Amino acid sequence: MALFLCFLFLIVSYAAACDRCVHQSKVAYFSRASALSSGACGYGSMAIGFNSGNLAAAVSSLYKDGAGCGACFQASTRDHTTCLLYICKGTSVIVTDLNRNNQTDFVLSSRAFMAMAKKDRGQELLKEGIVGVEYKRVPCEYKNQNLAVRVEESSKNPNYLAIKLLYQGGQTEVVAIDFAKVGSSNWGFLSRNYGAVWDSDRVPSGGLQFRFVVTAGFDGKTIWARNVLPEDWKPGMTYDSGVQITDIAKEGCSPCDDGIWK
């Protein structure tokens, strides 16, 4: 098992090693917030309440088959003329969907798109449709907020459990989740069903503990939440894990493709 985890860290960390590098691309926006709330990450209507509605759909290289769900990015314009007209600040977004259009790295909620503009110029910026940006991954910050486990409505106690994680802080990705009955050392594992949703149909009855395999840049570790779900856990409920994830990516990369570090 230890050998497998080391191998897993190496594979995932190679792809994430330059997460904090600044990249150049373009962003567009969704005219309807509901387009992002029904996104591939599976957050549903909950997404509207994330990050004050500053949401993003990310291309597959950032979506990472769902591992990028919940990641935070900072984007700001790289077009000097556009900046003079509209923009003087960046906007922070959280990934809630997959962007299947490779013309831009992100499609933002209109709220996030307008947040890049100077005060009272947001509607004018929307008329641009697509703007050039520089972006980088940044830590997600949930002050005084533990990682939470939301039990999906499709779950059936006992046996079938589907969950998604909320308030995953830091600059991290959860790449594996193990579970066991509280007090037991007989561990099973959840599989990523889609997006941010993990599930298993072999969950024992009783209260459940979890181990989260977390990567941050080239570093990784296991976080043990010892008593998360009560014996009578219910679909649609959210439970406090009792742990926080705040790790920042450690990077050992050479200069990024565009020659910029941050």
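Residues numbered from 1 in each chain as written. Predicted model: local features only at pLDDT ≥ 70, side-chain atom pairs only at ≥ 80, totals over all residues. Heavy atoms only, no water.

Named according to an unreviewed UniProt entry, the protein is Expansin-like A2 originating from Salix dunnii. A UniProt comment under Subcellular location (unreviewed entry) is attached to the protein, and it reads "Secreted". One UniProt comment on the protein, placed under Sequence similarities (unreviewed entry), says "Belongs to the expansin family." (UniProt positions renumbered as here; feature names shortened; annotations may be inferred.)

**Q** What should I look at first to understand empty space enclosed by the protein in this one?
**A** If a probe as big as a water molecule is rolled over the atoms, it shows which places are left empty. Per the counting criterion, the structure on display carries 2 cavities of 30 Å³ or more. The calculated volume of the largest cavity comes to roughly 90 Å³. Here the residues of the lining of the largest cavity are counted per class, giving 7 nonpolar, 2 polar and 2 charged. Here the lining of the largest cavity spans two domains, since at least three of its residues come from each of domain 1 (23-137) and domain 2 (147-243). Approximately 50 Å³ is the volume attributed to the second largest cavity. Lining of the second largest cavity is provided by A67, G68, C69, G70, A71, C72, R137, C140, Q168, G169, G170 and T172. Taken together, the residues of the lining of the second largest cavity sort by class into 5 nonpolar, 6 polar and 1 charged. Counting the residues that make up the lining of the second largest cavity, at least three belong to each of domain 1 (23-137) and domain 2 (147-243). (1 Å grid on protein atoms, 1.4 Å probe; cavity = no way out; pocket = protein on both sides within 12 Å on 5 of 7 lines; lining within 4 Å. Points joined across faces, edges and corners; volume = space filled by probe spheres on them. Nonpolar A, V, L, I, M, F, W, Y, C, P; charged D, E, K, R; others polar. Domains from an automatic or database assignment.)

**Q** So what exactly am I meant to see when it comes to the side chain of N146 here?
**A** Looking at the secondary structure, you find N146 in the loop between β6 (131-138) and β7 (148-151). Of note is the side chain of N146, whose polar atom sits 3.4 Å from the side chain of Q244. Residue contacts for N146: discarding those within four places in its chain leaves L166, Y167, D240, G242, V243 and Q244. (Helix = DSSP H or I, 4+ residues; strand = E, 2+ residues; numbered from the N terminus. Polar contact = N/O pair within 3.5 Å; in protein donor to acceptor, adjacent residues only side chain to side chain. Contact = heavy atoms within 4.5 Å.)

**Q** What exactly am I supposed to notice about the pairing of strand β8 (residues 159-166) here?
**A** Within a regular beta strand, the side chains point alternately toward one face of the sheet and then the other, so they alternate between its two faces. Of all 8 residues in β8, 6 are buried; the element is thus mostly enclosed. Across 4 bridges, the pairing between β7 and β8 is antiparallel. If you follow A148 over to β8, its bridge partner there is L166. Two elements, β8 and strand β11 (residues 197-203), share 5 bridges in a ladder whose sense is antiparallel. Looking at β11, one finds that I163 is bridged to W198. (Buried < 20%, exposed > 50% of the residue type's maximum accessible area, 1.4 Å probe, protein only. Pairing = 2+ DSSP bridges.)

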